[in-house]
Structures are given as structure tokens and as C-alpha cells.
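# Structural features, examined
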Amino acid sequence: MQHVNSWRDVAAATGAADRAAAEEGVRRAYRTAGLAEPERIVWAQSPRAAVEAVEKLTDAGRSVREEVRTRPWAEERRRMYDELGPAGWSALWSATGAQLWETTAALAERIRSGVVADLAARPEDEGAVRLVLLDAVLGQHDAAWLAAFDGRGDRLTGLAEVARNAGWWWPYERAVVISERPEVLHRDEAGRLDHGEGPALAYGDGFALHAWRGMPVPAAFLAELATLTPQRIREEENAELRRVMLEYYGYDRYLTESGAEPVHRDETGILWRIALEGDEDVVMVEVVNSTPEPDGTHRTYWLRVPPATRTAKDGVAWTFGLDGAAYAPVRQT
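Notes on the structure follow. Quick caveat, the model's predicted, so the values are computed rather than measured. (Residues numbered from 1 in each chain as written. Predicted model: local features only at pLDDT ≥ 70, side-chain atom pairs only at ≥ 80, totals over all residues. Heavy atoms only, no water.)

Pairing is mixed across the open sheet formed by 3 strands, whose spatial order is β1-β3-β2. The open sheet has two edge strands with one neighbour each: β1 (40–44) and β2 (169–171). On average, each strand axis in the sheet is inclined to that of its neighbour by 15 degrees, with strand direction left out of account. (Pairing = 2+ DSSP bridges. Helix = DSSP H or I, 4+ residues; strand = E, 2+ residues; numbered from the N terminus. Axes fitted to C-alpha atoms, helices over the stretch in contact; angles between N-to-C directions.)

As a further point, take helix α4 (residues 65–95). An ideal rise of 1.5 Å per residue puts 45 Å on 31 residues; α4 reaches only 27 Å between its terminal C-alpha atoms. In α4, a bend of some 115 degrees at G85 exceeds every other bend along the element, and P86, a proline, comes one to four places later. (Expected span 1.5 Å × (residues − 1). Bend = angle between axes of the 7 residues up to and from the residue.)

To continue, consider the pairing of strand β11 (residues 282–288). Summarising burial for β11: 6 of the 7 residues are buried, a large majority. Inspection of the sheet shows strand β10 (residues 269–274) paired to β11 by 5 bridges, in the antiparallel sense. Residue pairing in the sheet places R273 in a bridge with V283 of β11. Judged from the 6 bridges that link them, β11 and strand β12 (residues 300–305) form a sheet pairing that is antiparallel. For E286, the partnering residue across the bridge sits in β12 and is W302. (Buried < 20%, exposed > 50% of the residue type's maximum accessible area, 1.4 Å probe, protein only.)

On to the packing of aromatic side chains. Applying the stated criterion to the full structure yields 8 aromatic pairs. When the ring of W145 is compared with that of F149, the centres are 6.3 Å apart and the planes differ by 75 degrees; the resulting orientation is edge-to-face. In this pair, W145 and F149 both sit in helix α7 (residues 143–149), 4 residues apart, roughly one turn of the helix. One exposure class covers both W145 and F149, and it is buried. Judged by centre distance (5.5 Å) and plane angle (65 degrees), the rings of W212 and Y248 are edge-to-face. Placement of W212 in strand β7 (residues 211–212) and of Y248 in helix α11 (residues 239–249) is noted, with a sequence separation of 36 residues between them. Looking at W212, the relative accessible area reads 10%, which means it is buried. (Phe/Tyr/Trp six-rings, centres within 6.5 Å; stacked < 30°, edge-to-face > 60°.)

Before going further, it helps to spend a moment on the side chain of D194. By the element assignment, D194 lies in the loop between β4 (184–185) and β5 (201–202). A distance of 2.7 Å separates a polar atom in the side chain of D194 from the backbone nitrogen of R213. Setting aside its immediate chain neighbours within four residues, D194 contacts H186, R187, D188, A200, A211, W212 and R213. (Polar contact = N/O pair within 3.5 Å; in protein donor to acceptor, adjacent residues only side chain to side chain. Contact = heavy atoms within 4.5 Å.)

What follows concerns the packing of helix α3 (residues 47–56) against helix α5 (residues 97–119). The packing of two helices is summarised by the inter-axis angle and the distance between the axes. One way to put it is that α3 packs onto α5 with a least axis distance of 9 Å and a crossing angle of 60 degrees. Compared by their axis directions, α3 and α5 come out oblique. In the packing of α3 onto α5, the handedness of the crossing is right-handed. Contacts between α3 and α5 involve P47, R48, V51 and E52 from the first element and I111, V115, D118 and L119 from the second. (Parallel < 35°, antiparallel > 145°, perpendicular 65-115°, else oblique. Left-handed = near helix turned anticlockwise from the far one by under 90°.)

On to the environment of V288. On the secondary structure map, V288 appears in strand β11. Note on V288: relative accessible area 47%, which makes it partly exposed. Counting along the chain gives 74 residues from V288 to G214, while the straight-line C-alpha distance between them is 30 Å. Non-local contacts of V288, meaning those with residues more than four positions away in its chain, are made with H298, R299 and T300.

What follows deals with the sheet that holds strand β6 (residues 208–209). Pairing in this open sheet of 3 strands is antiparallel, and the strands run β4-β5-β6 from one edge to the other. In this open sheet, the two strands that pair with only one neighbour each are β4 and β6. Of the strand pairs in this sheet, β5 and β6 are connected by 2 bridges, and their pairing is antiparallel. In the strand pairing of β6, L201 is matched with L209.

In contact at an axis separation of 7 Å, helix α2 (residues 19–32) and helix α8 (residues 157–165) are set at 160 degrees when each is read in the N-to-C sense. The pairing of α2 with α8 is recorded here as roughly antiparallel in orientation. As for how α2 packs across α8, the hand of that crossing is left-handed. Facing α2, whose interface residues are A21, A22, E24, G25, V26, R28 and A29, α8 presents T157, G158, L159, E161, V162 and N165. In terms of residue class, the contact of α2 with α8 is made up of 6 nonpolar, 4 polar and 3 charged. (Nonpolar A, V, L, I, M, F, W, Y, C, P; charged D, E, K, R; others polar.)

Turning our eyes to something else, we now look at the pattern of salt bridges. Summed over all chains, the structure comprises 27 salt bridges. The partner of R27 in a salt bridge is E23, and the shortest N-O contact between them spans 3.7 Å. Within this pair, R27 and its partner E23 are both found in helix α2, separated by 4 residues, close to a single helical turn. Across the pair E124 and R122 runs a salt bridge, and its minimum N-O distance is 3.6 Å. Among the residues examined, R122 registers a relative accessible area of 46% and is labelled partly exposed. Three or more residues joined by partner-sharing salt bridges are found here, namely E24, R31 and E37. (Salt bridge = Lys/Arg side-chain N within 4 Å of Asp/Glu carboxyl O.)

Have a look at this one:
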């Protein structure tokens, strides 16, 4: 469905919000919920800054998230479920919201965790920050479920207008706080936050998340990647960070420069093992493609295999879902 791609773009949108359009969406959402429009709207540069702004609000009244977001969504879902039936609703969700849910929900959770980490100086402060985050409407990051209702009525139009034009927002009786969208977003092919040369997600006020293939990493760690050596990799005590180092550095390069010795070789390739203190061994099979490249050379591939692998043939067979005894290719490719 075409509108699913448009909502995918909404979820990944970066750059300045359209404040006028977002504010009109807020007012419409309030009117649709039967509420008086908010008396004031406060803008913040990031979800972190928005939480701080909410904490400073005076005379804002209670949160109206239930009326503005939760109840309309639940009632529209019930309406569509009754109209389409269980199978029809399941098919609609599978074709729309389910296409965006996993990556968008994971991104929202990473943002929540980052806000808590930045604002909760002590463990006992975390509860207060999380309570404020519970009042948030996720704006662009509500794209998954908004996609399922696109074109099926105007009950959620106000919420959709805010989502298309801004980030997270906090609705209260007399005041609303709205966050700008991020300025930077880098993700890998699986949709995970991923960037080796700076923040994977960054807002205009400096609030940022650093990640490598979905795994949170410190900013200083990324800055060090360009100067890695095999010795530095071996010295890293954090097993997860060491894996990141190896992926960035390249297993083949690490094996070459660390003076590693092969543990087994046969007609299928060469088996290498990297012993890592405090972590499972990294075991790789080096294979050469028997089909030549256009320039006549034969490309070398490195296949990561389970730590228990003992022969190169067993490792190659494992990549095909076979055991070594059953693996007998007519021609290697």
C-alpha cells in the first residue's frame, strides 16, 4: 500500500517541524476529543528538552493523553475490527502497521532510554522521568498504527497532522509541549540505529544516541574506532564492545595483523579461530569463490560459524544447514 511508504517516511523524517501545521493538528485533536483547545503551546528541541519543559510547566492541568490519543485509537480499532472481522483486521494490520511496528517501536524505546539516562542523575530519579514520558504522544513515531487507519475516517486526523509535522508531544488541559524532529538519523538495513562516525540519532540541542548495528555505544568509543589495533581489541574488557571493534576492524584484517594461525584446512577452505578472554571464540571459515570475477580474480569470503566448529568443511556445511558428512557440493560457488 502506497500510504504505508508515506508513513514509513514520516517515522524516519528529520529536519525542522512545520510548527503551524503541527499546532493546528493539536487543536484539531483536542476538538475531536471534545476538549477546549490548549491555551499555550511550548516547543522544545528534543524529547529530552520536552521532558524538562513539562517539569517546569505551571497551571497546565492534568494530562489529557487518554482523551486525545488512547481513547480515540481504541475506539477506532474496535470500529474497524467490528467492520472487518478478526481475519480482515489481522490482514489490514499485517499489510500496514505491522510493516513499521518493530523498527519504530524499537526507536521510540531507545529514545526513552536515552532521555532517562540523560536526566536521571541518580537511580531514584528515574521514576519521575519515566512518569513524564508516559504522558507523551509519540507524534512521528506513532506512524505504525496511524498507517493502519489512514483513509478510513477523520477521527484521528488531528493526531495524524501532528505526526506528519513534528516529533513527540505532551497534551495537558491548558498547555501542550511539542518536540522538534531529529536532525540526524542513521539506520542499518534492518532498521536499527547504526553509525560508526558520529551519532546515529541527534536533535538540534545536542541530545543524541550513538549505536553500532543497534547496540548502544559511548560516543568516545566510536571516536576510537578509526585508530584500532589488534592489541587494543584484545585489551577491551567489555565483550559486546569488543565484538563491535572486530566487526568494524574486519575479521580478516584482524586475523592477518594479529598473526593468527589457521586451525584446520581442507578442500572447502581454511578454519580460523580467535580466542577472546571472557567471551566465546570467534570462528571463521575462509573460502575462495570458484567462479572468477570479471577481471579474472577469485574473491575471498569470510563466513562466521559456531564456536564448536572443528573443520572448515563442517563450517561451510553449517552455512547451508547441513552437517559435514552430508555436505558434498558438485561445484563450489
